[in-house]
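Tertiary structure, described
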Amino acid sequence: MPAKTVTVQRPELNFWEKIYLPEIFRGLWITASKFWRNIFVHTAHRLGLMKSVEAAVTIQYPEEMRPTSPRLRTRHRLTQREDGSPRCVSCMMCETVCPAHCIYIVAGEHPDPNVEKAPKSFVLDLGKCVYCGFCVEACPEDAIRMDTQIHTIAAYSREEMILDMQELLNPSPGGMPQKTFYGKKS
Amino acid sequence: MLEQLAIKTALSVIMVAFVMSIAGLLTWVERKQSAVMQDRVGANRASIFGFRILGLFHPIADVIKMVMKEDFTPSGAQRFLFTLAPVVSVTFAIAAVAAIPFGPELQAFGRTISLQVAQLDIGLLYIFAMMSLGVYGVILAGISSNNNYAFLGGLRGASQMLSYEITLGVAILGAVMVYSTLDLQGMVMAQGKHLWGLIPMWGIIVQPVGALLFMTAALAETKRIPFDLPEGESEIVGYFVEYSGMKFGMFFMTDFIETILVAMIMTTVFFGGWQVPWLFADGIHWPWGGVVAMSHGVVVGLQVLSFVFKVVAFIWFFMIIRWTLPRFRYDQLMRLGWKYMFPVSLANIVITGLVLVLIG
C-alpha cells in the first residue's frame, strides 16, 4: 500500500499578526481584565459580599478537602456489632482473595455460642495493599468496608503502615496513627 | 557645604530606601499578581503567631532563607570574579536611580532643594552608562562560574543586551531632540506644557513610537520574560546556575531593581515624571476655566505622589507583560532587535527631525 502524503496547511500570519503588537495587546487585555475581575471579587469577599462568585479555583488543602465520591475506595475499617466487638467471623475469605496478601487473621473462639469464631488479631499492611476492594466484596458478614474517606496515608516507616485490629475498628481522625517520628518514640 | 551634604545624604537615603523596599515587595507582588491573574490564591502560608496578612511575610522568609543558605563556590571557579559579579550587577542597577528626579524644586527652610539625588546635566547619558555596566555582572558571572551553561547564558546575555542597548539609545534620541536637553529634571519641566491648554504635552503624546520602542528595549534590558534568554530557565538555567544563597539573591534583586529603574525612566521621559495634568506651581488650572489654589507644600506633595503612582502603575504593567507573553526564540529576538526595532527607531529620529524643522 503506497504511503499517503498529507499536506498540512499552516495558517499564514497576516500583517497585523506579524508585527505582534495587536496580538500582544489582545493577550494583555485578557490577563489584565482577569486580574481586575479577580481583585474586585477578592475585595468583595473580604467585605463579606458576593460569596457565591469564585475568585480562585484553589482548594486550600489542609483546611479544605476536595469532596470525594462515596464509592471511592479509601482506607479500610472493620464494622462493629452493637456491643462494639468486630462483626468479623474469621472466615478467611478476605485473606484468601487478597491479591497482595496484606491481610493476616488469627482466628479464635467467640464467647457467644451462636457465633462460631471471632478474630484474635486482624492485621492489615497498608504498605502492601493495592486498594482493589476484593476483601469488601468477598466478605459475607459486611465486616470490612473501605468507606472511611481517609486517603492521607503516610508514615515514617514500613512498620507504621501495618494497622492492628484496634486501629481498624476505630480509625484515627488524622488518617494514620502517629506513633513515631523518624523512628523515635515521641 | 555641610548642609548640602546632609540634604544630599537624606535624599539618597530616601531614594535607596524607596527602591529597596519596593524591590523587596516585588517578590510578593510577583507571586500574588500572577496568582490573581491565573485564578489562584498565591503564597499565603508564612505566618507569625498565626497572622498571615495576605502572605506579606513571604519576602521576609525569603531573605532569611537566602542569608542562611550555604554560599557555595564551585571548584575551578575564579573566586574573585565569581564574588564580584553579583555585586557589580546590583550596584550599577541601584546607582542608575540617582539621576531620576522624583519631585520638583522644594522651597523649604529658606532654601531650594531639588528632589533629585544627583543633578546631572547629562542625566540620561549617566543612566545609560550605568545600565550598560550592568551587562558586566552577567558576563563576569558567566565566565567565572566554570560551567558551560552559565557561560552560554553569559554569552546570550551579552549579545542580547548589547543589541537592545542600541535601540534603547536611538529610541530615546527622539525625545531628547524634542526637549533639547539631556537633563532629566529639565525633561520633566518641559513636559509641563499643555497642547491647546488641554492635553498634557507628555513624551507619549509627542513621541509615541519612541516610547513603545524604548519600553520594549528596556524590558529586554531587565532580562525578564519575554526577553529572558540569558536565563532560559527551562533549557540552560542561565548565567547564575552556580550561584546560591545571597549571591543568587543579589541577581534576583537586580532584576527587580532594573524593573523599577525602567519604570522610573519611562515615567520620567515619556509620562511626565512628577507632573500632574493641569497642576501648576500655584494650583490646578482647569482647562474649562477656574483655578483651585494650593499651597507650595501641597503641590509638591501631589507631584511626588504622582511620580510614585506612575512608577507603581508601570511596575504593574511590566508584571502583566511578564506573566502574559511567552519567551522569544533566540533568532526571533535578534530579528526583532536588529531588523525591526533598530530601523524603526532610526526612522523615528528622521521624522522627528523633519517635523521639528518644519514647525521651526
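Source: prediction; values computed, not measured.

The rules we used
- Residues numbered from 1 in each chain as written.
- Chains lettered and ligands numbered in written order.
- Predicted model: local features only at pLDDT ≥ 70, side-chain atom pairs only at ≥ 80, totals over all residues.
- Heavy atoms only, no water.
- Core = buried A, V, L, I, M, F, W, Y, C linked by side-chain atoms within 4.5 Å.
- Buried < 20%, exposed > 50% of the residue type's maximum accessible area, 1.4 Å probe, protein only.
- Contact = heavy atoms within 4.5 Å.
- Buried area = accessible area lost by both parts, 1.4 Å probe.
- Salt bridge = Lys/Arg side-chain N within 4 Å of Asp/Glu carboxyl O.
- Polar contact = N/O pair within 3.5 Å; in protein donor to acceptor, adjacent residues only side chain to side chain.
- Nonpolar A, V, L, I, M, F, W, Y, C, P; charged D, E, K, R; others polar.
- Helix = DSSP H or I, 4+ residues; strand = E, 2+ residues; numbered from the N terminus.
- Patch = residues over 30% accessible without salt bridge, like charges linked within 9 Å, V, L, I, M, F, W, Y side chains within 5 Å.
- Areas by Shrake-Rupley, 256 points an atom, 1.4 Å probe, with all protein chains shown as cover.
- Pairing = 2+ DSSP bridges.

Points about the nonpolar core
Across soluble globular proteins, nonpolar side chains have a tendency to be buried as a group. In terms of nonpolar packing, the biggest core is built from 74 residues, with Phe 214, Met 264, Val 269 and Phe 318 of chain B touching the most fellow members. Ignoring anything within four residues of it in the chain, the contact list for Val 269 of chain B reads Leu 124, Ile 172, Ala 175, Tyr 179, Leu 184, Met 187, Gln 191 and Gly 203 of chain B. Grouped together as the second largest cluster of nonpolar side chains are 21 residues, Leu 78, Cys 102, Leu 124 and Leu 168 of chain A included.

So, the interface of chain A and chain B
Facing the 21 residues of chain A at the interface are 19 residues of chain B. Between chain A and chain B the total buried area reaches about 1,700 Å² when both faces are included, carbon and sulfur atoms providing 68% of it. Together, Tyr 20, Leu 28 and Phe 35 of chain A form the three largest contributors to the area buried by chain A at its contact with chain B, with a combined 30%. The residue Lys 34 of chain A makes a salt bridge to Asp 39 of chain B at a minimum N-O spacing of 3.5 Å. Taken together, the connections running from chain A to chain B amount to 8 residue pairs in polar contact (both at pLDDT 80 or more). Taken together, the residues that form the side of chain A that touches chain B break down as 12 nonpolar, 6 polar and 3 charged.

Remarks on the pattern of salt bridges
All names here are of chain B. Here the structure, examined in full by the defined rule, presents 18 salt bridges over all chains. Between Glu 3 and Arg 111 there is a salt bridge, and its shortest N-O distance comes to 2.0 Å. Of this pair, Glu 3 sits in helix α1 (residues 2-37) while Arg 111 sits in strand β2 (residues 111-116), placing them 108 residues apart in sequence. Given a relative accessible area of 29%, Arg 111 falls into the partly exposed group. With a closest N to O distance of 2.9 Å, Glu 235 and Arg 156 form a salt bridge. Of this pair, Glu 235 sits in the loop between α8 (208-221) and α9 (245-270) while Arg 156 sits in helix α5 (residues 148-179), placing them 79 residues apart in sequence.

Comments concerning the side chain of Ser 34 of chain B
Residue and element names in this part refer to chain B. Here Ser 34 lies in helix α1. Engagement of the side chain of Ser 34 in a polar contact is seen with the backbone oxygen of Glu 30, the distance being 2.8 Å. Excluding anything up to four places from it in sequence, Ser 34 contacts Val 29, Arg 40 and Trp 323.

Side note on a nonpolar patch on the surface
Together, Ile 143, Tyr 149, Phe 151, Leu 152, Leu 155, Val 237 and Val 241 of chain B make up a nonpolar patch on the protein surface, roughly 590 Å² of accessible area in all. When you line up the elements, Leu 155 of chain B lands in helix α5.

What about the environment of Glu 242 of chain B?
Residue and element names in this part refer to chain B. Examined against the element boundaries, Glu 242 turns out to sit in the loop between α8 and α9. For Glu 242 and Ala 141, which are 101 residues apart along the polypeptide, the C-alpha to C-alpha distance reads 8.8 Å. Within the local environment of Glu 242, its side chain forms a polar contact with the side chain of Asn 147, the two groups lying 2.6 Å apart.

Quick word on the environment of Glu 231 of chain B
Among the structural elements, Glu 231 of chain B can be located in the loop between α8 and α9. Apart from the residues lying within four places of it in its own chain, the contact partners of Glu 231 of chain B are Lys 223, Ile 236, Val 237, Gly 238, Phe 240 and Asp 255 of chain B.

What to know about the pairing of β2 of chain B
Residue and element names in this part refer to chain B. When strand β1 (residues 101-108) meets β2, the two strands line up antiparallel, connected through 5 bridges. Bridging across to β2, Gln 107 finds its partner in Thr 112. Counting the residues in the hairpin turn of β1 and β2 gives 2 residues, including Phe 109, whose phi is positive at 55 degrees.

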